Amino acid sequence: MGMFAVFGNPIQHSKSPLIHQMFAKQTGIELEYQKILAPVEDFEMHLTDFFEKGGEGANITLPFKERAFKFVSELTDRAQICGAVNTIRKLDNHRLLGDNTDGVGLLLDLQRLGFVSPSCKILIIGAGGATRGALLPLLEYGCDITLTNRTFEKAESLAHQFSSLGKIQSKPMEQVISAEFDLIINGTSSGVTGDIPKISHNLFSAQVACYDMFYQRGLTPFLLFAKQNQVTKLADGLGMLVGQAAFAFKLWHGITPDIDPVLKALQKELES
Ligand code: ATR
């Protein structure tokens, strides 16, 4: 039976084992999938140990994605471009392949929701790791992206780094005022502290869709704010979580599982 695991710190609340076991059942593949709490000092040692003991693949979550990027011997193009690895596949005893499935997972979820089209105008708020991971697939799909961030310089620098890959520009938050966007994505971690980014309520309307990469039980603060401003197309990052896992599953097992039943099961669990 193939051995897989997710590494992070903290890791207690990770839903990855549950998601991968549901995919396994759906596709008739037998696997073992554990949660591994890696101490911050020696994440790399724990990862090496896992693969030496027969591990076939791993997911990497906070705070280790950049360290996993440096650790692997080979990288997919999309991992190379975003500078972070969330999925590793053992190729042989000497080679580990690092991939990043966060962005394609997000795009898959946005497509499932009908929130995105190739000509879509998207505002992304935030310029940290979550946004960086999401940019490439959206740009490749054809979307026109405006980046904004509390610390504008970071949005400016990120937009500059991705400028050769598609339509992307940056704007200071106070200058993002017109209702020109089809989709607004919150890629900040503001929801963790119950906050929302300070963006104008003029951006919201019944036509725009809002997506929060963060998720929690009930509406996130950002989605609640959007709802209070007439937005009806609302979704949180639970679908992105299942989407990134589906692409990791594909990398390991060669089969793309159906995310819908798994997402429904997780939503039910979160609501109960
Ligand atoms: P992650 O890897 O989760 O993206 P990160 O790299 O620390 O985390 O980035 C967090 C992002 O959330 C940043 O864009 C941050 O804005 P700053 O660059 O100005 O720090 C944003 N963020 C966090 N808390 C926020 C808040 N309360 N309001 C607005 N933006 C916030």
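Residues numbered from 1 in each chain as written. Predicted model: local features only at pLDDT ≥ 70, side-chain atom pairs only at ≥ 80, totals over all residues. Heavy atoms only, no water.

*Asks:* An account of the overall build of the protein chain is needed here, citing residue identities and associated values.
*Replies:* In terms of regular secondary structure, the protein chain is built from 10 helices and 12 strands. Taking 272 residues into account, the globule formula puts the C-alpha radius of gyration at 19 Å, and the protein chain, at 18 Å, falls close to it. Viewed in the frame of its principal axes, the protein chain has a C-alpha envelope of about 55 × 40 × 35 Å. Counting contacts in the protein chain only where the partners sit at least 6 residues apart, residues at least 24 apart contribute 65% of the total. Both charge centroids of the protein chain, one from 25 positive and one from 29 negative side chains, sit 4 Å from each other. (Helix = DSSP H or I, 4+ residues; strand = E, 2+ residues; numbered from the N terminus. Rg over C-alpha atoms; globule rule 2.2 N^0.38 Å. Contact = heavy atoms within 4.5 Å. Lys, Arg positive; Asp, Glu negative; His and termini not counted. Charge placed at Lys NZ, Arg CZ, Asp CG, Glu CD.)

*Asks:* How would you explain the sheet that holds strand 2 (residues 31-37) if you had to name every residue and give the values?
*Replies:* The 6 strands lie next to each other as 2-1-3-5-6-4, forming an open sheet whose pairing is mixed. At either end of the open sheet lies a strand with only one pairing partner, and these are strand 2 and strand 4 (74-75). Judged from the 7 bridges that link them, strand 1 (residues 2-8) and strand 2 form a sheet pairing that is parallel. Within the sheet, the bridge partner assigned to glycine 8 lies in strand 2 and is leucine 37. The sheet strands contacting helix 1 (residues 16-27) are strand 1, strand 2 and strand 3 (55-60), and the helix crosses strand 2 at an angle near 170 degrees. Contacts from helix 2 (residues 43-52) reach strand 1, strand 2, strand 3, strand 5 (87-92) and strand 6 (95-99), with the element oriented near 150 degrees to strand 3. (Pairing = 2+ DSSP bridges. Axes fitted to C-alpha atoms, helices over the stretch in contact; angles between N-to-C directions.)

*Asks:* Outline the site of the ligand, supporting the account with residue identities and numerical values.
*Replies:* Around the ligand sit 14 residues, and of these Ala127, Asn149, Arg150, Thr151 and Lys154 come closest. At 2.9 Å from an oxygen atom of the ligand is found a main-chain nitrogen or oxygen belonging to alanine 127. Burial of the ligand by the protein chains amounts to 73% of its free accessible area of 640 Å². Of the residues assigned to the shell around the ligand, the class counts are 3 nonpolar, 8 polar and 3 charged. (Near = heavy atom within 4 Å. Polar contact = N/O pair within 3.5 Å; in protein donor to acceptor, adjacent residues only side chain to side chain. Areas by Shrake-Rupley, 256 points an atom, 1.4 Å probe, with all protein chains shown as cover. Nonpolar A, V, L, I, M, F, W, Y, C, P; charged D, E, K, R; others polar.)

*Asks:* Got a sec to walk through the packing of aromatic side chains? Specific residues and values, please.
*Replies:* A full pass over the atoms with the stated rule returns 9 aromatic pairs. Plain terms: the ring middles of phenylalanine 7 and phenylalanine 50 are 5.5 Å apart, the flat faces sit at 75 degrees to each other, and that makes the pair edge-to-face. With phenylalanine 7 in strand 1 and phenylalanine 50 in helix 2, this pair connects stretches of sequence that are 43 residues apart. Geometrically, the ring pair formed by phenylalanine 50 and phenylalanine 51 is edge-to-face, given 5.2 Å between the ring centres and 75 degrees between the ring planes. Taken as a pair, phenylalanine 50 and phenylalanine 51 share a single burial class, namely buried. A network of ring pairs unites the aromatic residues Phe7, Phe43, Phe50, Phe51 and Phe64 as a single cluster. (Phe/Tyr/Trp six-rings, centres within 6.5 Å; stacked < 30°, edge-to-face > 60°. Buried < 20%, exposed > 50% of the residue type's maximum accessible area, 1.4 Å probe, protein only.)

*Asks:* Explain the pattern of salt bridges to me, and be specific about the residues and the numbers.
*Replies:* Enumeration over the complete set of coordinates arrives at 11 salt bridges. Linking glutamate 180 and lysine 121 is a salt bridge whose minimum nitrogen-to-oxygen distance equals 3.0 Å. Here glutamate 180 is found in the loop between strand 9 (167-170) and strand 10 (183-186), whereas its partner lysine 121 is found in strand 7 (residues 121-125), with 59 residues between them in sequence. For glutamate 180, the salt bridge goes to lysine 171, with nearest N and O atoms at 3.9 Å. The exposure class of glutamate 180 is partly exposed, given its relative accessible area of 30%. (Salt bridge = Lys/Arg side-chain N within 4 Å of Asp/Glu carboxyl O.)

*Asks:* Any details on the environment of leucine 224? Residues and values, ideally.
*Replies:* One can find leucine 224 in helix 8 (residues 221-228). Taking the relative accessible area as the measure of exposure, leucine 224 reaches 41% and is therefore partly exposed. Between the C-alpha atom of leucine 224 and that of lysine 171, which follows or precedes it by 53 residues, the distance is 24 Å.

*Asks:* Break down the packing of helix 1 against helix 10 (residues 259-271) for me, with residues and values.
*Replies:* As a packed pair, helix 1 and helix 10 sit with axes 10 Å apart at the nearest point and diverge in direction by 140 degrees. Judged by the angle between their axes, helix 1 and helix 10 are oblique. Crossing handedness for the pair helix 1 and helix 10: right-handed. Seen from helix 1, the contacting residues are Leu18, Ile19, Met22, Phe23 and Gln26; seen from helix 10, they are Pro261, Val262, Ala265, Leu266 and Glu269. Looking at the contact of helix 1 with helix 10, its residues break down into 8 nonpolar, 1 polar and 1 charged. (Parallel < 35°, antiparallel > 145°, perpendicular 65-115°, else oblique. Left-handed = near helix turned anticlockwise from the far one by under 90°.)

*Asks:* Could you give me a rundown of the environment of asparagine 229, with the residues and numbers involved?
*Replies:* Following the sequence through the fold, asparagine 229 ends up in the loop between helix 8 and strand 12 (233-236). When residues no more than four places from it in sequence are discounted, the contact partners of asparagine 229 are His201, Phe204 and Ser205.

Worth remembering: the numbers are spatial, not functional.
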